[in-house]
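Here is how the chains run, residue by residue.
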Amino acid sequence: MHILAHDEIETTSSDSMILTNIAFLIVLAGFVIAFKMWGAPLLAMLSLILGIVWDLGIAALVVGRLNIITAMMALILIGLGVDYFIHILNGYTEGRAKGLSGEEAAVYSMEKVGTGVFIGALTTATAPGGSLIWPKLIVMSEIIIRETLLIGRNWPGRLAALC
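The model shown is predicted, which means the values in this text are computed figures rather than measured ones.

Quick word on the overall build of the protein chain
Next, step 1: Looking only at helices and strands, one finds five helices and zero strands in the protein chain.
Next, step 2: When each of the 163 residues of the protein chain is scored for burial, the buried share is 35%.
Next, step 3: Sequence-distant contacts in the protein chain: of pairs separated by 6 or more residues, those separated by 24 or more amount to 69%.
Next, step 4: Put simply, the protein chain shows about 9300 Å² of open surface, and 72% of that area lies on carbon and sulfur atoms.

Here we look at the packing of aromatic side chains
Here the distance between the centres and the angle between the planes together describe a pair of aromatic rings.
Next, step 1: In total, this model carries three aromatic pairs according to the counting rule given.
Next, step 2: On the numbers, 6.1 Å between centres and 45 degrees between planes, the contact of Phe31 with Phe35 is tilted. Remark: Phe35 and Phe31 occur in helix H1 (residues 3-35); sequence separation between them is four residues, near one turn of the helix. Accessibility classification places Phe31 together with Phe35 in one group, the buried group.
Next, step 3: In this structure an aromatic cluster arises from ring pairing among Phe31, Phe35 and Phe85.

Description of the nonpolar core
Next, step 1: By size, the foremost hydrophobic cluster in this structure holds 18 residues, and its most contacted members are Val27, Phe31, Met45, Leu48, Ile52, Ile78 and Phe85.
Next, step 2: Residue assignment for this core shows that the elements contributing at least two residues are H1, helix H2 (39-63) and helix H3 (73-97).
Next, step 3: At seven residues, H1 tops the list of elements feeding residues into this core.
Next, step 4: Setting aside its immediate chain neighbours within four residues, Val27 contacts Met45, Ile78 and Val82.
Next, step 5: Grouped together as the second largest cluster of nonpolar side chains are five residues, Ile88, Val113, Val117 and Ala121 included.

Brief notes about H3
Next, step 1: Compared with the 36 Å implied by 1.5 Å per residue over 25 residues, the 36 Å span of H3 between its first and last C-alpha is a close match.
Next, step 2: Burial in H3 covers these residues: Met73, Ala74, Leu77, Ile78, Gly81, Val82, Tyr84, Phe85, Ile88, Leu89, Gly91 and Gly95.
Next, step 3: Directly after H3, the chain includes Gly99, whose backbone phi takes a positive value near 95 degrees.

Side note on the pattern of salt bridges
Next, step 1: Tallied over the entire structure, the rule returns two salt bridges.
Next, step 2: Where Glu94 meets Lys98, a salt bridge forms, and the shortest distance between an N and an O atom there is 3.9 Å.
Next, step 3: With relative accessibility at 55%, the residue Lys98 sits in the exposed group.
Next, step 4: With a closest N to O distance of 2.7 Å, Glu94 and Lys112 form a salt bridge. Residue Glu94 is located in helix H3, and its partner Lys112 is located in helix H4 (residues 102-130); the two are separated by 18 residues in the primary sequence.
Next, step 5: Overall, Glu94 belongs to the partly exposed group, its relative accessible area being 28%.
Next, step 6: The class for Lys112 is partly exposed, based on a relative accessible area of 45%.

Some details on unusual backbone geometry
Next, step 1: Even without a glycine there, the phi angle at Lys36 is positive, about 55 degrees.
Next, step 2: Relative to the helices and strands, Lys36 is located in the loop between H1 and H2.
Next, step 3: Overall, the relative accessible area of 71% leaves Lys36 in the exposed class.

Remarks on the confidence of the model for the protein chain
Low-pLDDT stretches of the model should not have their predicted coordinates read in fine detail.
Next, step 1: For the protein chain, per-residue confidence averages 75 on the pLDDT scale, and residues scoring 70 or more make up 66% of the total.
Next, step 2: By mean pLDDT, helix H5 (residues 141-162) is the weakest element of the protein chain at 54, and H3 is the strongest at 84.

The rules we used
Residues numbered from 1 in each chain as written. Predicted model: local features only at pLDDT ≥ 70, side-chain atom pairs only at ≥ 80, totals over all residues. Heavy atoms only, no water. Helix = DSSP H or I, 4+ residues; strand = E, 2+ residues; numbered from the N terminus. Buried < 20%, exposed > 50% of the residue type's maximum accessible area, 1.4 Å probe, protein only. Contact = heavy atoms within 4.5 Å. Areas by Shrake-Rupley, 256 points an atom, 1.4 Å probe, with all protein chains shown as cover. Phe/Tyr/Trp six-rings, centres within 6.5 Å; stacked < 30°, edge-to-face > 60°. Core = buried A, V, L, I, M, F, W, Y, C linked by side-chain atoms within 4.5 Å. Expected span 1.5 Å × (residues − 1). Salt bridge = Lys/Arg side-chain N within 4 Å of Asp/Glu carboxyl O. pLDDT = per-residue confidence, 0-100.

Next up, the structure:
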């Protein structure tokens, strides 16, 4: 690897880690303030950490290395991953407000928003993969394949961690 490229990757990786930590704390604070609770946001952030760890594992298996673009994927995953949580937690709190038990509220939430969240996750995951059919994007196939995998696999992991 060219020395300058190696230096750019090291700097980008370091900077992306700092930015990821800052974004993580801002999102956690936003959840705590918006939902006025600690438990559910902490569980959501735990599942987000699991998703990022899975992403790094997939990157090691599929791509084998990081480049400047893929080093920022953890930061992108924070924005994509918390979207599912917001919808599910809103359905859960709505169920609790109606007097349902915790388990009943979880079922209510999944019945109310589960299908929509799943379809949203599926379309978000397939959109980058579908762009592989465009010849000019083949040079970006490494990024597209990894992005498709990380978005698609994040849904079941987040659901399992929250349930």
